[in-house]
Amino acid sequence: MPGWLEAGGWGLLAGSALLLGAAVGYLADISRRIIASIMAFGAGVLLSAVAFELVGEAYEQAGMEWTASGAIAGALIYTGCNVLLARRGARNRKRSEDRKDDGSGLALALGALLDGIPESIVIGTSLLAGGGVGTATVAAVFISNVPEGLSSAAGMRAAGRSRAYVFGLWGGIALISGLSAIAGYTIFADAPAALLGWITALAGGAILTMVADTMIPEAFEDAHLLIGLITVTGFLLSFALSHL
C-alpha cells in the first residue's frame, strides 16, 4: 500500500471518531456521568501520548530548543484560536454541560479542525521514518474525538438541527482529518528532522492545552469516585500501546 494512502487511512480512522460520537450524541441520551468518565479516560490516554509519543519523539528528532518552542507555539496557537472561538459560541464544543443551542456551525467546525488538523498531520509524519504509525497517538486522537462529536451533536439535536446537517458537518471534518494526514506524509516527506520534531511538539503542546482546558474540567465537574482510576487506566493503556 502506498505510504500516502496508509497515512490517509489512519487519519480518517482517527477522525471517524467525530462521526461516531456525533451518532451517539444525536441518537442516544447519554448521562453527564458517563460522558465525564469518557473524558477522564480520554484525558489519561492523551496525557500519555503527549509525553511518550509526541514530546518524547520531538526531543529525539530535534532536541530541547526545537521541542520547547514547538510545544509553546502549539499552546499559544490553540489558546489564541480558542479565545476567538469562545466569542463565536464554540467555547464548550468539547463540553456536555450546555446543550440548549449548537452555537455557530462555522465555529464548531473551526474548533474541530483546530484540534484535528495538527493531530492528523503528526499521524502522517509518523510514517515518514519507515516504521509503523504511532498506535498510541491514533488511539489517543480517536478517543478524544468521541466526546467532542458526542457533546456537540447533542447540542445540535436540542437546537433542532437535522440529521443531514449534523452528520454532514462531522463527516466532512473526519474526511479533512484523513486529508491532513496525507498532507503530513507528502508535504513533509523531505523536511529536516528538526522541522518534523518542531511540528510534532507543536501538536503535543496544542493537545496538552486542550486536555487542560476542556477534558479535565469536564471529567471532574461531574466527578465520581472512579474518575481518578479511569484516568490512570487510560494513561496506562496508551503507555502500553506506545511500547508494543
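Definitions and limits used
- Residues numbered from 1 in each chain as written.
- Predicted model: local features only at pLDDT ≥ 70, side-chain atom pairs only at ≥ 80, totals over all residues.
- Heavy atoms only, no water.
- UniProt positions renumbered as here; feature names shortened; annotations may be inferred.
- Helix = DSSP H or I, 4+ residues; strand = E, 2+ residues; numbered from the N terminus.
- Buried < 20%, exposed > 50% of the residue type's maximum accessible area, 1.4 Å probe, protein only.
- Contact = heavy atoms within 4.5 Å.
- Areas by Shrake-Rupley, 256 points an atom, 1.4 Å probe, with all protein chains shown as cover.
- Phe/Tyr/Trp six-rings, centres within 6.5 Å; stacked < 30°, edge-to-face > 60°.
- Patch = residues over 30% accessible without salt bridge, like charges linked within 9 Å, V, L, I, M, F, W, Y side chains within 5 Å.
- Salt bridge = Lys/Arg side-chain N within 4 Å of Asp/Glu carboxyl O.

Per an unreviewed UniProt entry, the protein carries the name ZIP family zinc transporter and comes from Actinoplanes xinjiangensis. In its Subcellular location (unreviewed entry) section, the UniProt entry covering the protein states "Cell membrane". Turning to the protein, the UniProt record has this under Sequence similarities (unreviewed entry): "Belongs to the ZIP transporter (TC 2.A.5) family."

Draft legend 1. Just the overall build of the protein, in detail. Each helix and strand in the protein was counted, giving seven helices and zero strands. The N-to-C order of helical and strand elements in the protein reads α-α-α-α-α-α-α. When the 244 residues of the protein are sorted by exposure, 50% land in the buried category. The long-range fraction of contacts in the protein, counting pairs at least 24 apart against all pairs at least 6 apart in sequence, stands at 86%. Summed over all atoms, the accessible surface of the protein reaches about 10500 Å², with 69% contributed by carbon and sulfur.

Draft legend 2. Local environment of the side chain of S120. Along the chain, S120 turns up in helix α3 (residues 105-125). Accessibility expressed as a relative area gives 2% for S120, which makes it buried. Contacts of S120, omitting those with residues within four sequence positions, involve S177, S180 and A181.

Draft legend 3. Focus on the packing of aromatic side chains. Taken as a whole and judged by the stated rule, the model has three aromatic pairs. Ring centres 6.0 Å apart and planes at 70 degrees place the aromatic pair F52 and F235 in the edge-to-face group. Here F52, found in helix α2 (residues 32-86), pairs with F235, found in helix α7 (residues 227-242); they are 183 residues apart in sequence, far enough to count as distant. We classify F52 as partly exposed; its relative accessible area is 38%. The exposure class assigned to F235 is partly exposed, which follows from its relative accessible area of 29%.

Draft legend 4. Summary view of a nonpolar patch on the surface. Among the surface-exposed residues, M1, W4 and L5 lie close enough to one another that they form a single nonpolar patch of about 370 Å² accessible area. Structurally, the position occupied by L5 is in helix α1 (residues 3-27).

Draft legend 5. Fine view of the UniProt feature "transmembrane region" (unreviewed entry) in the protein. Those residues carrying the UniProt feature "transmembrane region" (unreviewed entry) are residues 7-27, 34-54, 66-85, 164-187, 193-211 and 223-241 in this numbering. Taken end to end, residues 7-27 is 100% helix and 0% strand, and its first and last C-alpha atoms sit 31 Å apart. A distance of 28 Å separates the end C-alpha atoms of residues 34-54, which is 100% helix and 0% strand.

Draft legend 6. A look at the environment of G184. In this fold, G184 is placed in helix α5 (residues 163-187). In this structure, the C-alpha to C-alpha distance between G184 and G124, residues 60 residues apart in sequence, is 4.7 Å. When neighbours within four sequence positions are excluded, G184 is seen to be in contact with I121, G124, T125 and L128.

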